Every structure is written in structure tokens, then in C-alpha cells.
Amino acid sequence: MSTKRPLPVDLTDEQIDEFGREMDAIYYETLESRGEKDRLYILRLIRTQRSMALLGRLVIYASLFLLPAWGHALAGWPSTLIVMALGVILLGLAKILENMEIAHNVLHAQWDWMKDPEIQSNTWEWDTMSPSDRWMHSHNVVHHTWTNVLEKDLDVGYGIMRVTPHQPWKPAYLLQPVYFVLLMLLFEEGVALHEQALIDVAERKKKPKEILPLMKHIGRKVWGQVRKDYIMWPGLAALVALPISLVVPESPLIVFLLVAGANFVANIMRNIWAFVIIFCGHFPAGVYHFTQEQTEGESRGQWYLRQLLGSANITGGPLFHVMSGNLSHQIEHHLFPDLCSNRYPEVAPRVKALADRYGLPYNSAPLWRQFGTTWLNNLRLSLPGGTTPPEPARA
Amino acid sequence: MTTPVPQGKAPRRWLARLSAISDMFAFPLRTSHYVELVNPLWTTHRMHARVVDVWDETRDARTVTLKPGANWRLHRPGQHIRVGIPVDGRHYTRTYTISSPPERDDGCFTITVKKIDGGRLSHHIVRNLKVGDFIPVGLPQGEFYLPDASPVQPLFITAGSGITPAMSMVRSLIAQERLPDTVHIHYAPHEFDTIFGRELRRLDETQPHYHLHEVHTRQAPADENHFTEAQLERLCPDWRERDCYACGPPALLAALERTWDAAGLTQRLHIERFRADFAPIPDDAVGGRVRFADSDLDVDADGETNLLRVAEDAGLNPPHGCRMGICHTCNTTLTAGCVRDLRSGDFINEPGAIVQVCVCAAAGDCELAL
């Protein structure tokens, strides 16, 4: 016991237990108060999101009637692209809302308490390439249990980046600024392939044949997504454009490519936003990482403490919080992963007050600071060395 | 033997293909999820009904007229539906009998709900449901209906809101103009507190084959205010020749069962139960260790709490519906051990048996595929 490296705090075990009990009190009190208002929140949000997605796609279609070939007064590339951009933004925002504030939280079982058969973690499928059940395993089980524990939490650097000096340096990390940008652009694909099984195959612990069923399962979901965004919606537009092209000299192929391109941009938009918010959750300056031995025999209070020290919040207005899926309240989300997300803003001041009372840091800053330090960290840690946050942690 | 393909199947298949293609546009959702934004009644992935009218029958009973959505199937008089209602943000499901006849020509149906003291959902329906609200409903189901062909002479014995299936049957028979000679004994607290009281009395006056006997339990003398065989002999001397359709509280149904049993006529008695009638729990009922195999979870349970509740208390969220053993949504395979059916008191201990976890409790250790 004495050889065990403690958590980086100057609190006694009794204080940590007390801290845990106070956290529990906040949690259970908020759980008790859930009711009709919360249900209306998620139902309205889902309605809004689906309307936005549909409207976005229809606006993209509408923009095709402004193509220069139509020859009417409003026709022209600038007007086409402006209207199309509007549609892309609507669709991109809808995808962001779906992925972050709706699906992410539904899959955390935050809304299971309603017992609404339509909004259940075990049946929800989300608008991204990763199948819900796979993501729930790698995220809810692995990441949320083993938050920021080296060699346990796959999300620490996602296996390709060095995000803490505790990770030993190797030359491959020199290229991590490139991975950083690539992962930002291809975040959806990255999440779909975020599987321990793939690493096992790469390290020759498993044969490729063993993970074939898993790959098929992921493949089916990816195909569904690709078919929707890059075949069905552009295809329908091209199909309609085919007879029209006899009258209006516009190639159906251009129409197809325009719609597919619009959908692609919407997907990229979602990728970048999700990446920025999620990377601000665990990688800005001042976030702590842990070793496996530090978590051995962890008590409830110590677990809370690790979640607090290992997460970072982003400050902002109500709209920003919704658009970030309330992951701007990453600390609260990690402390209470199955509390419905619309309640995070209200528990945040109480969590902060509690942290202050115990002299613990509460990592919260605007987006530019959190993402800026994340980016700087990434650059610095691509080289050997680096600095760890001060121990013991103090506010 | 080959089953003949019913006519009208071909366009169905064509429609299914079309909807499969249109669903590709909505992946991973279905087109129906977006159609719902326009009108919840057009959805096909779940069924809604819109409240088009509410009517207070008595001070604590209300008839709700509902317009069902696409894919609705006409009910047979006497059948019930499941209704899902959110109260305090939580979704509850209850079963209510349809009180209207299927012959209604406006495509609507009615349920008549009496507010039960302490009943959360019935209170919500009677007091809070508004015209224009959408509520999730299930398809009509249930075995309690009149046979199509055989010319039965029915005897209806109903009490309180147990009138609803009988009302649907009588209304339907009248609409079809084939009401046979019918006797109806109905128990209600007061004359003014009788659900459908005025309609029943009007039918009694206008329909030559319909004979109503009202028993007002709070007004009648003590020996006349509840069902007895003597009362039955007086009100309906030919009851042995009739097919009895009964619906009401457990005490009434138990008395009926005793009477028909003694007369050796159990096959002539048809009963619809409102609440699952639980068998008395023996004093030596023991619980045990319940293992939810699929969730890899072990919990202790007593011999009285239903296993659905046990699973929910353990943090699981198994699919469920009526919570009273009617709808079979919660059917689960018993992989090992023994459970007791709370309604009959019977033990179920065959591995592989399907059990309704909402009406079964542990009887010793058991393992469920949940």
C-alpha cells in the first residue's frame, strides 16, 4: 500500500471519501429532479434536429435551380453556391446536433429513465460511420471507466499521438501534427476504426480472420452512411436532372457531384467541430494523466477525483453548450456520465464550488485557450520531453 | 401443403420495396421518422393516435375519442389496446378496452377510462389529456370477443368501468342489426355515477331484445348490492342457457367463477380481467439469487417482487409493456432455476421456458436470458 503512487493531490483518504460523498449527493439530488421538462427538451431537440437535416438537404436541392444553365435572372454560380452553402450549414449543424447532443448522450443511457421505447441506448443508431454498439463499448466502457489511464484508455492519443510526457517518445511522433490535422478531417472514419481489435492485428496478437465479423459489422454501417450521402441523395438529383438536361443544358453528372460535394462538406464540418470539442475535453494544458497502478483499488471518491483532474471544460453561452453536446461540460459529463446532458449547466457551479472548497483545480477556459494549448501540446510533445502539470494539483 | 397467397400481397411487396429504397435516404433512421415531423399519424415505425374528443361520462370517468394512425387494424368488439402515456417525463403503458363498435364510420375509436385512486396514468388520462395530443397506441388484441357465427344469447355481467367491452359488443351488434336476446346485469355505485348510464337505459327502452338490470351498490340493501346466485336467478332465470361475458373487479369475477363452476358450465363463462389477479403468496415463498445472464449480473430477489422490477432496480432496462402479464413484450427465456407465476401461483422450472417477467417472481435461485 505504501509503495503505491497516490493521486496527485494533497488530500487525506478521509477527505477524498468525503469529497466522493458530496459528489454523490449532487448526483442523486439531480437524478431525483428529472421530469417532464427534461423529456420535452430531448423531444423538441430531436424534432428540431430532424427538421434541420431535412431542410438542409432540400435547400441543397433548391440551390440546383439557380445553376447558370437555367438562364433566369437569379441564375449564376454565386447565387447557387450561396444557397448551397446555406443548405450545407443546416445539414452540418443537424449532423453535429445529432452526433453530439442527441446520440452521444442517448448512447450514454442518459435518457433511458424515460423508458420511451424510441429513445433508448440499446436501440439508438446514430448518423455516423461507427455502429452504436461498437462505439458504446470503446467509449462508455473503456474510455469512461479508465479515463486518462495510460495503456488502458484508448482515447489517450488514440494510439497515434503523444498527449502526455508520460508516454515514452518514439520517432513516429515527429509526424503527429500531421496526424492531428488528418484525424480532424477524417474524424468520422477515425471513430469507426477506433478499435482495440485493429491494434491487436497490427501487433500480430490476433489474426485478421478473427476480426472479420467485426469488420463486416462496421462495414455495413459505413456502407449505409456512404450510400445515403454519396449515392442516394446525389443520385436522385441526377435522376431528376436527366430529363431536364434535354431542356436545360446542364450535365446530370455535375448535379450529382455538386450534391455529393455538399454532403461531403457537411460531413467534414461535423468532423472538424466534433474533433475540436472532443480534443478540448482531455488534452488541453493542465489535464492530468494517470498510470494503471494509481487506479488499483480505487474508491468512489478517488474515481471522482480522477475524472475531475483528467477533464477540461470550455466556457461559452447556452447555444455553444448545446452545439458541443454539452461536452463543454466535460468535467460534469465525466463525473456523471448518465445524467441527462441538459442538466450539466446547472450542476457545473456546484461541482466547481466543491472543487474550490477542496482546493482542487477546475480546468475551465474559453475555446481558443483550450484548443490553443491542445495544439501547442501536440507540437511540443512530438519532440522528446515535455512538462507535466504541477503535482500535487492545486487550484 | 402450401398456404395460398392472400390477394393484395403483390402491391404490398412493391410498397415494401419502395419503402426500403426511401429508407436508404434516411439511414440510419427510416423515412417514417421524417414523415412523423409532418404528421405523427402517418408514421409506420410506431403507431400514434390523436385525441379528437374528450367526454366526461361521470365525475371520474372520461371517454377519449382517438384517431389512429396508419397501419391501424379494426378491433373486434371486446378487444383492448395498449396506451403509452408519459407522466413526469416517464413513459408508462396501460391496457384499456375499446368502448366503441368497429362499425364507426369516421375511423376513430374510443376508450373509456375511470380514474383509479392513486392511479397515475388513469388520473393523467382523465384529467390532463387534451384534444390534439398524440399518444402512442398498440394494435387491438385480446381473446375476449363474441364469436362471429354462432347465434349466442349473451348475458353480460359487468361492474364499474368493466362495462367497456360489453358496451362495444352491444353497440356493434346493434349497428349490425343482429342483436340477439341479451340480458345485461351491471353494477355501479349510484344511478348518477354509472358509466354509459343514460345510453344503457335508452337502449333498454328502445331495443326490444336488450334487457338491462342495474344494481346500484351504494343504494341497494346490503344483501342486494353484490352478486349472489339468488340475485342471478331472479334477474336472469335462464342464465344456464346463456353465454356469460363478464368484466369487473377480481371479487366479482371470482364469485362468477364459483357459481358457473358449481353449475358445471365453466365453458359458458368468458371473463376479461382488468388487473392481473394475483394468487395469494404463500408464507413459505422464498426468493433467491437471480442471475441476468446476458447482462452478467447477479442480484438477490424476494419471492414477491416481480422480476421486471428486480431487473430495473438492478439497473437493467428490459423491454416491457403492460406490466400485468397481458402483452408479452417482456417475454424472457428462463435458462435455469425456478420462478413463480404471481397470477396463478404456479412454478415454472423448465429450462428454456418463456416467462413473462412482469408477473413472475423468483422462487429460489434462477437464471434469465436478460
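Please read these numbers as outputs of a predicted model, since none were measured by experiment. (Residues numbered from 1 in each chain as written. Chains lettered and ligands numbered in written order. Predicted model: local features only at pLDDT ≥ 70, side-chain atom pairs only at ≥ 80, totals over all residues.)

1. Re the sheet that holds strand S2 (residues 61-68) of chain B
Residues and elements named next belong to chain B. Pairing is antiparallel in the open sheet, where 4 strands are placed in the order S5-S2-S1-S6. Two strands close off the open sheet at either side, each with one partner strand: strand S5 (109-114) and strand S6 (134-136). Shown here is a sheet whose adjacent strand axes are inclined to one another by a mean of 45°, direction ignored. Relative to S5, S2 is paired through 6 bridges, and the arrangement is antiparallel. Residue Arg62 lies in a different strand from S5, and its bridge partner there is Val113. Running at roughly 120° to S5, helix H3 (residues 120-127) makes contact with S2 and S5 of the sheet. (Pairing = 2+ DSSP bridges. Helix = DSSP H or I, 4+ residues; strand = E, 2+ residues; numbered from the N terminus. Axes fitted to C-alpha atoms, helices over the stretch in contact; angles between N-to-C directions. Contact = placed C-beta atoms within 7 Å.)

2. Re unusual backbone geometry
Of note, the amide linkage connecting A:Glu391 to A:Pro392 takes the cis form, showing an omega dihedral of -5°. Here A:Pro392 shows up in the segment after helix H14 (367-381). Across the junction of B:Phe27 and B:Pro28, the peptide omega takes the value 0°, indicating a cis bond. In this fold, B:Pro28 is placed in the loop between helix H1 (9-26) and helix H2 (31-38). One non-glycine residue, A:Glu151, lies in the positive phi region at around 70°. Structurally, A:Glu151 can be placed in the loop between helix H4 (132-145) and helix H5 (176-185). Here A:Arg204, not a glycine, exhibits a phi torsion of approximately 60°, which is positive. You can see A:Arg204 is positioned in the loop between helix H7 (196-202) and helix H8 (212-244). The exposure class of A:Arg204 is exposed, given the 8 C-beta atoms found within 10 Å. (Buried ≥ 20, exposed ≤ 12 C-beta atoms within 10 Å, placed from the backbone.)

3. Re the pairing of strand S12 (residues 288-292) of chain B
Residues and elements named next belong to chain B. Pairing analysis gives 5 bridges linking S12 to strand S13 (residues 297-301), with the strands arranged antiparallel. Counterpart to Val290 in the pairing with S13 is Val299. Between S12 and S13, which pair antiparallel one after the other, the connecting turn spans 4 residues, and Asp296 there sits at a positive phi close to 55°.

4. Points about the domain arrangement of chain B
Residues and elements named next belong to chain B. As far as domains go, chain B holds domain 1 (47-136), domain 2 (154-273) and domain 3 (288-368). Summarising the inter-unit geometry, the C-alpha centres of domain 1 and domain 2 are found 23 Å apart. Each partner contributes residues to the interface: domain 1 has 14 residues there, and domain 2 has 14 residues. If you list the elements that add at least two residues to the side of domain 1 that touches domain 2, you get strand S1 (48-58) and S5. Per-class residue counts for the side of domain 1 that touches domain 2 are 5 nonpolar, 6 polar and 3 charged. (Domains from an automatic or database assignment. Nonpolar A, V, L, I, M, F, W, Y, C, P; charged D, E, K, R; others polar.)

5. Re the nonpolar core
Across soluble globular proteins, you tend to see nonpolar side chains buried next to one another. A:Ala237, A:Val255, A:Val259, A:Leu305 and A:Leu308 are the most contacted members of the largest nonpolar core, which has 81 residues in total. Residues contacting A:Leu305, with those up to four places away along its chain left out, are A:Leu7, A:Val9, A:Ile16 and A:Phe19. Core analysis: the second largest hydrophobic core is formed by 46 residues, B:Ile111, B:Val137, B:Tyr245 and B:Ala246 among them. (Core = buried A, V, L, I, M, F, W, Y, C linked by C-beta atoms within 7 Å.)

6. Considering the interface of chain A and chain B
How big an interface is tends to be expressed through the accessible area that disappears when the partners come together. Facing 25 residues of chain A, the contacting portion of chain B comprises 14 residues. When contributions to the side of chain A that touches chain B are tallied by element, the ones reaching two or more residues are helix H2 (36-63) and H8 of chain A. Among the elements that take part in the side of chain A that touches chain B, H2(A) stands out by supplying 7 residues, more than any other. Looking at the side of chain A that touches chain B residue by residue, the classes come out as 6 nonpolar, 5 polar and 14 charged.

7. Things to note about the sheet that holds strand S7 (residues 154-159) of chain B
Note on sheets: strands pair through backbone hydrogen bonds, and any given pair is parallel or antiparallel. Residues and elements named next belong to chain B. On the basis of which strands lie adjacent, the open sheet formed by 5 strands has the order S9-S8-S7-S10-S11 and parallel pairing. The outermost strands of the open sheet, each flanked by one partner alone, are strand S9 (210-216) and strand S11 (269-273). Across this sheet, the average inter-strand angle for adjacent strands is 15°, counted without regard to direction. Summarising the sheet, S7 and strand S8 (residues 182-188) pair through 5 bridges and their orientation is parallel. Pairing of Thr158 across the sheet is with His186, part of S8.

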